[in-house]
Amino acid sequence: MHEEILSVREIEKTFTLSAKQRKIEKTTLKKKVAVDKLSFTAHKGEVFGLLGPNGAGKTTTLRILSTLMTPDKGDAFIDNISVRSHPHEIRKKIGFLTSELKLEDFFTPNYLYDFFSHLHHVEPDIAQKRKAELFDHFGVSRFAEVKVANLSTGMKQKTSLVVAMAHAPDIVIFDEPTNGLDLLTAKSVTDFLLDLREQGKTIILSTHIFSLAEKVCDRIGIIIDGKMTACAPLAELTREASLETVFFNLYEKTAGEINE
Amino acid sequence: MNSNIIVMIKKELHRFFRDPRVVLTTILLPGLLIYVIYTFLGGAMSNMLKIDETYEYQIAVVQPSEAFSTFIESQSTLNYSLETIPPDQIESYRTRITDEEADLLVVFPAGFDQDVALLERSPVVPNVEVYYNSASMASGQAYSVVLSVLESMKTSSFDINRGVDSADLAPSKGAFLQYLSSMLPMLILIFIFTGCMAVATESIAGEKERGTIATLLVTPTKRGEVAVAKILSLGIIALCSGASSFLGLYLSLPKMFGMLEDESVSFASLFGIVEYVYLALVVLATSLLLVALISIISSFSKSVKEATTAVTPFMLVVALVGLSAMFTGGAQSDVVFYLIPLYNSVQALAGIFAGESSAVNILICTVSNLVYTMVAAYVLARLFNSEKVMFSK
Ligand SMILES: Nc1ncnc2c1ncn2[C@@H]1O[C@H](COP(=O)(O)OP(=O)(O)O)[C@@H](O)[C@H]1O
Ligand SMILES: [Mg+2]
């Protein structure tokens, strides 16, 4: 097996809910345990999928991995570097993407790529070479000088992907890659993920879409109500039943436990 | 400077200056609006200042000449009340003219009529003194009428205001300066504020609202760098906006004070190089501080709309602090006042416009505001690092 590149150890995160949020989520509880002693590991070059329903704690987990949030307890390590104590080092290593993560409308893909390259301190000639390759590969070249505001949703998403790769991160963290995308764009994003895997990158993604998980993931962690209920290679998980069946069995079991 | 900061400032400025709509509303419009409003106001004011037709001019004469009394009765332009006062009241009457309680004082020498009649035999040419106040429309008017009356008497020979240094009893630059000194600090503060409010809320809360700030926060850029870059770029924009407002003001004030235009006092003559340097220092430091404070308030908001609502009460506070210059009458001299943020800017500006600023106070004001800005930048960096603030639901 490949070497371990990511190790998540018993992370916990509890939010205090605002009155407005309690109303939306139809709860009277003031605290919400979003992530509950969650542990998992990912190996170099694999695609690890966090699968779970809305509100399961996927986004929170990925935000902790990408240093946007700090866990209340526990820690996670990327290349043996702690997200808690060395967030700055972590940020150099990862690329973080979400479907709701938008680029500024006013700029062109070209400008944004250079901007983020610079913030990552990529050598100028390497940056230009890499930009040409990425732009060509994903068909962004033709739109390099068009403002993001005037790009199609698909092209915007591709631009986000390309820009997030400006520093050639070894680990790509991707929250709900195909959420809110039309069929064609979703397809190109999925292809992109497979492409990254080809290149030997490690990908941590979250999704609630079974087909996506089945198509791109090597290993899957099923997360329900902040807890890891199953974590195994896709092939192992789906040996006896489809991923969907496995998930709903687990879900009913967990829901049953909560009701008791 | 750190290259990350430079790149981020460039990006903010690029975005700002390449957007014609924003440039129009933030930079061109404030100056233009102020110019139009003030020019219009100036016009309206000088109309208001036309002297009422029924106005009764208050004129006093010392040892009146008979010829003068006859002449002035015969002219019909002035509706006046003429009183004769003894020579020992000259001083107090001059004060009344300065205070705009009376309009004109004409002082004839003792035995004027005889001297004029006997002039061929006397070596002394009689001299008539006429005192007026150029800051008062009525006084100026009375002065020119009486002058023409005296000229028409000049078939006999005498002088007018020979050896009199200051026939004009106007309180010199005082009134104009006082007005400038009390109004401008508030105006300038509000111009800077409105100039940077739209851009700062957009740049901080807007980025949060659209989720673009998270993109920045996952790059290995220090939060402090992000905060400093935001404050500096927004400060530059606020300065441009402030400069535009100032230019509008600069061009329209002389019009507003149209009646003063041909006097020695013009807006430009109040200012030397030193005053401009002081002004630039204070405005620069104040812009940076205001931008930093608005940014902090904006960072707590989830959307531009929310940020604008949150910043508005702060604007009222700033306007009130700005107004304080109108009540204190002139600038404070105590150093302590120049350590209080915002209030120090108002006092410093008031001092500059009154022509009584001290280098020490200006320096303390500038430096303390820069220190406050650095503290604010630190706070902003902490906020950028706070998930509660950046990712609240
Ligand atoms: N910033 C936050 N403040 C308060 N509650 C939050 C915050 N982020 C997430 N939550 C809550 O934590 C739970 C998990 O959310 P999330 O991680 O977004 O789930 P998922 O991405 O799996 O849908 C939800 O109940 C959500 O409302
Ligand atoms: Mg989510």
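Conventions adopted
- Residues numbered from 1 in each chain as written.
- Chains lettered and ligands numbered in written order.
- Predicted model: local features only at pLDDT ≥ 70, side-chain atom pairs only at ≥ 80, totals over all residues.
- Heavy atoms only, no water.
- Helix = DSSP H or I, 4+ residues; strand = E, 2+ residues; numbered from the N terminus.
- Buried < 20%, exposed > 50% of the residue type's maximum accessible area, 1.4 Å probe, protein only.
- Contact = heavy atoms within 4.5 Å.
- Rg over C-alpha atoms; globule rule 2.2 N^0.38 Å.
- Areas by Shrake-Rupley, 256 points an atom, 1.4 Å probe, with all protein chains shown as cover.
- Lys, Arg positive; Asp, Glu negative; His and termini not counted.
- Charge placed at Lys NZ, Arg CZ, Asp CG, Glu CD.
- Axes fitted to C-alpha atoms, helices over the stretch in contact; angles between N-to-C directions.
- Parallel < 35°, antiparallel > 145°, perpendicular 65-115°, else oblique.
- Left-handed = near helix turned anticlockwise from the far one by under 90°.
- Nonpolar A, V, L, I, M, F, W, Y, C, P; charged D, E, K, R; others polar.
- Near = heavy atom within 4 Å.
- Polar contact = N/O pair within 3.5 Å; in protein donor to acceptor, adjacent residues only side chain to side chain.
- Salt bridge = Lys/Arg side-chain N within 4 Å of Asp/Glu carboxyl O.
- Patch = residues over 30% accessible without salt bridge, like charges linked within 9 Å, V, L, I, M, F, W, Y side chains within 5 Å.
- Pairing = 2+ DSSP bridges.
- Buried area = accessible area lost by both parts, 1.4 Å probe.

Undergrad: Any chance you could explain the overall build of chain B here in plain terms?
TA: Tallying secondary structure elements over chain B gives 14 helices and five strands in all. Scored against the burial criterion, the 393 residues of chain B give a buried share of 49%. Nonlocal contacts in chain B, meaning residues at least 24 apart in sequence, comprise 77% of its contacts between residues at least 6 apart.

Undergrad: It is not clear to me how the overall build of chain A should be interpreted in this structure. Could you clarify?
TA: Scanning chain A from N- to C-terminus turns up ten helices and ten strands. Relative to a compact globule of 260 residues, whose C-alpha radius of gyration would be 18 Å, chain A shows 19 Å and is just as compact. For chain A, the spread of C-alpha atoms along the principal axes amounts to about 60 × 45 × 35 Å. The 260 residues of chain A split such that 52% are buried. A sequence separation of at least 24 residues applies to 68% of the contacts in chain A between residues at least 6 apart. Surface exposure of chain A reaches about 12400 Å², of which carbon and sulfur atoms provide 51%. Computing the positive centroid from 34 side-chain charges and the negative centroid from 36, chain A places the two 6 Å apart.

Undergrad: Whenever I open this one, the packing of helix α3 (residues 66-74) of chain B against helix α6 (residues 137-152) of chain B confuses me. Can you help?
TA: To characterise two packed helices, one gives the angle between the axes of the helices and the distance between these axes. Residue and element names in this part refer to chain B. Contact geometry for α3 and α6: axes closest at 10 Å, N-to-C directions at 125°. If you check the angle between α3 and α6, you find them oblique. Like other packed secondary-structure pairs, α3 and α6 cross with a definite hand, here right-handed. Here α3 contributes Phe-68, Phe-71 and Ile-72 to the contact with α6, which in turn contributes Val-146, Val-149, Leu-150 and Ser-152. Grouping the constituent residues of the contact of α3 with α6 by class yields six nonpolar, one polar and no charged.

Undergrad: Would you mind showing me how to read the side chain of Gln157(A) here?
TA: Position of Gln157(A) relative to the elements: it lies in helix α6 (residues 153-164). Leaving out residues up to four positions away in the same chain, Gln157(A) has contacts with Ser99(A), Phe174(A), Pro177(A), Leu181(A), Thr185(A) and Val189(A).

Undergrad: Would you mind going over the site of ligand 1 with me for this structure?
TA: Around ligand 1 sit 17 residues in total, of which Glu25(A), Gly55(A), Thr59(A), Thr60(A) and Phe391(B) are the nearest. More than one chain reaches ligand 1: its neighbouring residues belong to chains A and B. Residue Thr59(A) places a side-chain N or O atom 2.6 Å away from an oxygen atom belonging to ligand 1. Thr60(A) places a polar side-chain atom, nitrogen or oxygen, 2.5 Å from an oxygen atom of ligand 1. Coverage of ligand 1 by the protein chains reaches 91% of its 560 Å² of free accessible surface. Sorting the residues of the shell around ligand 1 by element identifies β2 (31-43) and α2 (58-65) of chain A as the ones contributing at least two each. Here the shell around ligand 1 is built from residues that sort into seven nonpolar, six polar and four charged.

Undergrad: Before we go on, may I ask you to explain unusual backbone geometry in this structure?
TA: Negative phi values dominate among residues other than glycine, just as trans dominates among peptide bonds. Positive phi is not limited to glycine here, since Glu10(A) has a value of about 45°. One can find Glu10(A) in strand β1 (residues 4-16).

Undergrad: Whenever I open this one, the side chain of Lys131(A) confuses me. Can you help?
TA: Residue and element names in this part refer to chain A. With respect to the helices and strands, the residue Lys-131 is situated in helix α5 (residues 124-137). Polar side-chain contacts of Lys-131 include one of 2.4 Å to the side chain of Asn-110. Once residues within four sequence positions are removed from consideration, Lys-131 is found in contact with Asn-110, Tyr-113 and Asp-114.

Undergrad: Please explain the pattern of salt bridges as it appears in this structure.
TA: Pairing between side chains becomes possible if they bear opposite charge and their charged atoms approach one another. In the structure shown here, the tally under the stated rule is 21 salt bridges over all chains. Its salt-bridge partner being Lys13(A), residue Asp72(A) comes within 3.8 Å of it at the nearest N-O pair. Of this pair, Asp72(A) sits in the loop between α2 and β4 (73-78) while Lys13(A) is found in strand β1, placing the two residues 59 residues apart along the sequence. By relative accessible area, Asp72(A) is classed as partly exposed at 41%. A network of salt bridges, in which partner residues are shared, links Glu104(A), Lys11(B), Arg15(B), Glu202(B) and Arg210(B).

Undergrad: I tried to follow a nonpolar patch on the surface on my own but got confused; where do I start?
TA: All names here are of chain B. Together, Leu-24, Leu-28, Leu-29, Leu-32, Leu-33, Val-36 and Ile-37 make up an exposed nonpolar region whose accessible area comes to about 620 Å². In this structure, Leu-29 sits in helix α2 (residues 20-48). We classify Leu-29 as partly exposed; its relative accessible area is 33%.

Undergrad: What exactly am I supposed to notice about the pairing of strand β3 (residues 47-51) of chain A here?
TA: Regular strands place their side chains on alternate faces of the sheet. Residues and elements named next belong to chain A. Counting buried positions along β3 gives five out of five residues, so the element sits mostly inside the fold. A two-sided burial pattern is seen for β3, the buried positions comprising Val-47, Gly-49 and Leu-51 on one face and Phe-48 and Leu-50 on the other. Pairing analysis gives five bridges linking β3 to strand β8 (residues 202-207), with the strands arranged parallel. Note that in β8 the partner of Phe-48 across the bridge is Ile-204. Here four bridges tie β3 to strand β9 (residues 219-224), and the two strands are oriented parallel to one another. Among the inter-strand pairings, Gly-49 is bridged to a residue of β9, identified as Ile-220.

Undergrad: What is the right way to read the interface of chain B and chain A from this model?
TA: A common way to express how large an interface is: the accessible area buried when the components associate. Taken together, the contacts link 28 residues of chain B with 26 residues of chain A. Carbon and sulfur atoms supply 64% of the area buried between chain B and chain A, which totals about 2700 Å² over both sides. Taken as a group, Lys11(B), Val218(B) and Pro220(B) account for 25% of the area that chain B buries against chain A, more than any other trio of residues on that side. At the junction of chain B and chain A, the tally comes to three salt bridges. Here Glu104(A) and Lys11(B) are joined by a salt bridge, their closest N and O atoms 2.6 Å apart. When residues of the side of chain B that touches chain A are traced back to their parent elements, those giving at least two are α1 (3-17), α7 (174-210) and α8 (212-217) of chain B. It is α1(B) that provides the largest number of residues to the side of chain B that touches chain A, a total of eight residues. Residue composition of the side of chain B that touches chain A, grouped by class: eight nonpolar, nine polar and eleven charged.

Undergrad: What am I meant to see in the sheet that holds strand β5 (residues 159-160) of chain B here?
TA: All names here are of chain B. Spatial strand order, β2-β1-β3-β4-β5: five strands in an open sheet with mixed pairing. At either margin of the open sheet sits one strand with a lone partner, and together these are β2 (80-84) and β5. Here strand β1 (residues 57-62) pairs with strand β3 (residues 104-107) via four bridges, running parallel. Its bridge partner lying in β3, Ile-59 is registered against Leu-104. Against the sheet, helix α4 (residues 90-98) touches β1, β2, β3 and β4 (127-131), its axis set at about 150° to β3.

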